Amino acid sequence: MNEPDTRETKNAETSRRQAFVQIGVGSICVACAGATVFGYEFLAPNVLYEPSPITNAGKPDRYPADSVTQDQQSGIYIVHGPEGLYAMSAVCTHLGCLTAWKPELGIVACPCHGSKFRRDGSKIEGPAPRPLVWLKAYLSDEGDLLVDRSSPLEQKQYVRT
Ligand code: FES
């Protein structure tokens, strides 16, 4: 007489056990997936790929005497003064806006807060705390003018052609 109850109890225990096993296996699968994702993140190289800081400004004869040429894309000026060629950053030393050469005024002007600079980068007026930064410029073996935007110069340095 007690036999059906025992069988039902056994079936209920079995299905409960199966449910716990499934929950356990599911939990292990989720933990393994998480460990795999975090393991990959940990082992993958954490490298930021940036373009080269060296700009090829082309042949020096592209820059006529007494000229200021702005390269918008790389944010530099190539100036051909009486002493030779030199390169300056076009980034304003106030808050980092991109300045612009104003040929009609013969100055470099910042559109953000009105700083103005001479063609050698020295400040005329405005909130910029420092002159524009001179950058290392040199000739390659092929005779191209190269500008290293990651190498600010402490002293003025000219490239003579
Ligand atoms: S960013 Fe150039 S004056 Fe402020």
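Before any of the text, the structure's been laid out above.
## Digging into the state of the cysteines
- Inspection of every chain in the model, using the stated rule, returns 1 disulfide.
- In this model C97 forms its disulfide with C112; the gap between the sulfur atoms is 1.9 Å. What sets the handedness of the C97 and C112 disulfide is the S-S torsion sign, and at about -95° it is left-handed. Of this pair, C97 sits in the loop between β4 (84–89) and β5 (100–102) while C112 sits in the loop between β6 (107–109) and β7 (116–117), and the two are 15 residues apart along the sequence.

## Some remarks on the layout of surface pockets
- Approximately 200 Å³ is the volume attributed to the largest pocket.
- Around the largest pocket, the lining residues are D120, G121, S122, R130, P131, L132, V133, W134, L153, E154, Q155 and K156.
- Tallied by class, residues from the lining of the largest pocket come to 5 nonpolar, 3 polar and 4 charged.

## Remarks on the packing of aromatic side chains
- Evaluated as defined, the whole model comprises 3 aromatic pairs.
- Plain terms: the ring middles of Y86 and Y158 are 5.6 Å apart, the flat faces sit at 85° to each other, and that makes the pair edge-to-face. Here the residue Y86 occupies a position in strand β4, and Y158 occupies one in the segment after β10 (145–152), the gap between them amounting to 72 residues.
- Classification of Y86 as buried rests on a relative accessible area of 5%.
- Centroid distance W134 to Y158: 5.5 Å. Interplanar angle 85°. Geometry classified as edge-to-face. One end of the pair, W134, is in strand β9 (residues 134–139); the other, Y158, is in the segment after β10, with 24 residues separating them in the sequence.
- Look at W134 and you get buried, because its relative accessible area is 6%.
- Through a chain of ring-to-ring contacts, the aromatic side chains of Y86, W134 and Y158 assemble into a single cluster.

## A word on the side chain of S115
- Here S115 shows up in the loop between β6 and β7.
- For S115, the side chain forms a polar contact with the main-chain nitrogen of A128, separated by 3.0 Å.
- The residues contacting S115, other than those within four sequence positions of it, are C92, V108, A109, C110, E125, G126, P127 and A128.

## Observations concerning the environment of G143
- Mapped onto the elements, G143 comes out in the loop between β9 and β10.
- For G143, a relative accessible area of 24% puts it in the partly exposed group.
- Along the backbone, G143 and K123 are 20 residues apart, and their C-alpha atoms lie at a distance of 32 Å.
- Setting aside its immediate chain neighbours within four residues, G143 contacts K59 and P60.

## Digging into the sheet that holds strand β8 (residues 123–125)
- Sheet architecture is open: 4 strands sit in the order β5-β6-β7-β8, paired in antiparallel fashion. Both outer strands of the open sheet, β5 and β8, are each paired with one neighbouring strand and no more.
- Judged from the 3 bridges that link them, β5 and β6 form a sheet pairing that is antiparallel. Bridge pairing in β6 places K102 opposite I107.

Criteria and cut-off values
Residues numbered from 1 in each chain as written. Predicted model: local features only at pLDDT ≥ 70, side-chain atom pairs only at ≥ 80, totals over all residues. Heavy atoms only, no water. Disulfide = S-S within 2.5 Å. Helix = DSSP H or I, 4+ residues; strand = E, 2+ residues; numbered from the N terminus. 1 Å grid on protein atoms, 1.4 Å probe; cavity = no way out; pocket = protein on both sides within 12 Å on 5 of 7 lines; lining within 4 Å. Points joined across faces, edges and corners; volume = space filled by probe spheres on them. Nonpolar A, V, L, I, M, F, W, Y, C, P; charged D, E, K, R; others polar. Phe/Tyr/Trp six-rings, centres within 6.5 Å; stacked < 30°, edge-to-face > 60°. Buried < 20%, exposed > 50% of the residue type's maximum accessible area, 1.4 Å probe, protein only. Polar contact = N/O pair within 3.5 Å; in protein donor to acceptor, adjacent residues only side chain to side chain. Contact = heavy atoms within 4.5 Å. Pairing = 2+ DSSP bridges.

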